[in-house]
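Chain by chain, the residues:
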Protein chains: 2
Amino acid sequence: MTQKPSPTLDFWYEFASPYSYPVAMRIDALAKASNVTVNWKPFLLGPVFSAQGWQDSPFNLYPAKGAYMWRDMERICQQQGIPFQRPQIFPARSVLAAKVAMTGASDGWIAPYSRAVYTAVFALDMDIFRPETIRSILADLDLNAAQILDRAQTGEGAHLRQQTEGAIKRGIFGAPSFTVGAELFWGGDRLQSAINWALDST
Amino acid sequence: MTQKPSPTLDFWYEFASPYSYPVAMRIDALAKASNVTVNWKPFLLGPVFSAQGWQDSPFNLYPAKGAYMWRDMERICQQQGIPFQRPQIFPARSVLAAKVAMTGASDGWIAPYSRAVYTAVFALDMDIFRPETIRSILADLDLNAAQILDRAQTGEGAHLRQQTEGAIKRGIFGAPSFTVGAELFWGGDRLQSAINWALDST
């Protein structure tokens, strides 16, 4: 008896992206309810935004958009029942956290680690640019922080640049984004559409 | 016996805005199902975008965003069961159509008129900059086109500028947008959230 492959969905996220936070907190449960497998794909928005001529987050460059987003985050997080605190540093400098996530993708702890990083940024206002922050997150997950930070800088972490280039090649221009094959969905509101697409195309 | 006021929702739209089209086609039915009254509020995105430093639609300025949007429109319209054809002229020059809509707001035919204009732009690839197009839409609605076009230029149409300024004052930066009191929701995906907000705040 042959078995149909399990439908899968790629979740493209950046730790500095506000709207990626509530998605990170719910995507695994939501996808599991539909038997869809999620591939967590961290990338950096910096190079994506640079390609669009922006040297800062559009939420900083366009104040009306930014004011809306912070209010919207309050509403969304309240509705989802997750804590939210507007971070003092925005956008967070996320490169170290993302390199560590690449290591977590190899080892299988990327999802809980990513949720912990988002909580640090958007609920606890911690500075993820500081290695101590990442070390404490890894320690809380009972992981060997020293070894992982080393691999993040010299091993799997080096693939973050390729993954970011892969995001750009797929037409990704913001986060969160979801891909199912060549189909792209942008924004947390489209998560269910992406899951449905994964189900229909399997 | 006092009666509770009916919950209301302001729907801010621009005839050149692709994502406003599927919303225009479904908002009245969706709101009616929740007993929410919709105020149709046409405005112009041109001055809004100018204030953000854009002299063209962001879908033209940022090609990845534009490519995504056109594909997304196909998917959304297919799912909603409405026709879609990518217009050759984008963004549509919508000022006349919007001035006529202001007249329709006074007279009570703004909703069917607006749906007809969106169908002209996004399903029939008609040029709404041409007065003939607007005249034929009005005639199809059994309205006096000559008289209305006159009022659009010299009467109620003059309030379009104020309405656009009102949109900017409310923090609106794109279309479609929805407001319930001071609460702003941006994007077709947030229509149900806006309806729910209107229900909860009445």
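The preceding data block contains the structure.
Report follows, based on the coordinates. Keep in mind the model is a prediction, meaning the values are calculated, not measured.

1. Some points on the nonpolar core
Judged by nonpolar contacts, the single largest core of 136 residues is most densely connected at Tyr113(A) and Tyr113(B). When neighbours within four sequence positions are excluded, Tyr113(A) is seen to be in contact with Phe15(A), Ala97(A), Val100(A), Ala101(A), Ile134(A), Ile137(A), Leu138(A) and Leu141(A).

2. Here we look at the sheet that holds strand E3 (residues 177-180) of chain A
The pairing of strands in a sheet comes from backbone hydrogen bonds and takes either a parallel or an antiparallel form. Residue and element names in this part refer to chain A. If you trace the four strands from one edge of the open sheet to the other, you get E2-E1-E3-E4, paired in mixed fashion. The outermost strands of the open sheet, each flanked by one partner alone, are strand E2 (37-42) and strand E4 (183-186). Across the sheet, the mean angle from the axis of one strand to that of its neighbour is 25°, orientation sign disregarded. Where strand E1 (residues 8-13) meets E2, six bridges bridge the pair, whose relative direction is parallel. When the sheet's bridge partners are listed, Asp 10 is paired in E2 with Asn 39. Running at roughly 10° to E3, helix H10 (residues 191-200) makes contact with E1, E3 and E4 of the sheet.

3. As for the pairing of strand E3 (residues 177-180) of chain B
All names here are of chain B. Across the two faces of E3 the burial is the same, with Ser 177 and Thr 179 and Phe 178 and Val 180 all buried. Two elements, strand E1 (residues 8-13) and E3, share three bridges in a ladder whose sense is antiparallel. The residue bridging Phe 11 from the neighbouring strand is Phe 178, located in E3. Count of turn residues in the E3/strand E4 (residues 183-186) antiparallel hairpin: two residues, of which Gly 181 carries a positive phi of about 60°.

4. Thoughts on the relation of the copies chain A and chain B
Structural alignment of chain A on chain B gives an RMSD of 0.0 Å, achieved by rotating through 180° and translating 0.0 Å along the axis. Taken together, these values place the two copies in the relation of a two-fold axis. Proximity to the rotation axis, assessed at the C-alpha, singles out Asp189(A) in chain A; its C-alpha lies 3.1 Å from the axis.

5. Looking at the side chain of Thr103(A)
The topology assignment puts Thr103(A) in helix H5 (residues 95-107). When near neighbours in sequence (up to four residues on either side) are disregarded, Thr103(A) contacts Trp109(A), Ile148(A), Arg151(A), Ala152(A), Glu156(A) and Gly157(A).

6. A few points about the interface of chain A and chain B
Tallying the contact residues gives 19 residues for chain A and 19 residues for chain B. Interface of chain A and chain B: buried area, both sides summed, is about 2,000 Å²; carbon and sulfur atoms make up 53% of it. Three residues, Tyr68(A), Arg75(A) and Arg190(A), lead the burial of chain A against chain B; their summed loss comes to 29% of the area buried on that side. Here chain A and chain B share six salt bridges between them. The partner of Arg75(A) in a salt bridge is Glu183(B), and the shortest N-O contact between them spans 2.8 Å. Within the residue set of the side of chain A that touches chain B, elements represented by two or more residues are helix H4 (63-80) and E4 of chain A. Looking at the side of chain A that touches chain B element by element, the count peaks at seven residues for H4(A). Considering only residue class, the side of chain A that touches chain B consists of ten nonpolar, two polar and seven charged.

7. Section: the pattern of salt bridges
Inspection of the entire model under this criterion finds 20 salt bridges over all chains. Between Asp107(A) and Arg151(A) there is a salt bridge; the shortest N-O distance is 3.0 Å. Here Arg151(A) lies in helix H8 (residues 145-154) and Asp107(A) lies in helix H5, a separation of 44 residues in the sequence. Overall, the relative accessible area of 39% leaves Asp107(A) in the partly exposed class. Overlapping salt bridges, with partners in common, bring together Arg71(A), Asp72(A), Glu74(A), Arg75(A), Glu183(B) and Arg190(B) in one network.

Analysis parameters
- Residues numbered from 1 in each chain as written.
- Chains lettered and ligands numbered in written order.
- Predicted model: local features only at pLDDT ≥ 70, side-chain atom pairs only at ≥ 80, totals over all residues.
- Heavy atoms only, no water.
- Core = buried A, V, L, I, M, F, W, Y, C linked by side-chain atoms within 4.5 Å.
- Buried < 20%, exposed > 50% of the residue type's maximum accessible area, 1.4 Å probe, protein only.
- Contact = heavy atoms within 4.5 Å.
- Pairing = 2+ DSSP bridges.
- Helix = DSSP H or I, 4+ residues; strand = E, 2+ residues; numbered from the N terminus.
- Axes fitted to C-alpha atoms, helices over the stretch in contact; angles between N-to-C directions.
- Least-squares fit on C-alpha atoms with pLDDT ≥ 70 in both.
- Buried area = accessible area lost by both parts, 1.4 Å probe.
- Salt bridge = Lys/Arg side-chain N within 4 Å of Asp/Glu carboxyl O.
- Nonpolar A, V, L, I, M, F, W, Y, C, P; charged D, E, K, R; others polar.

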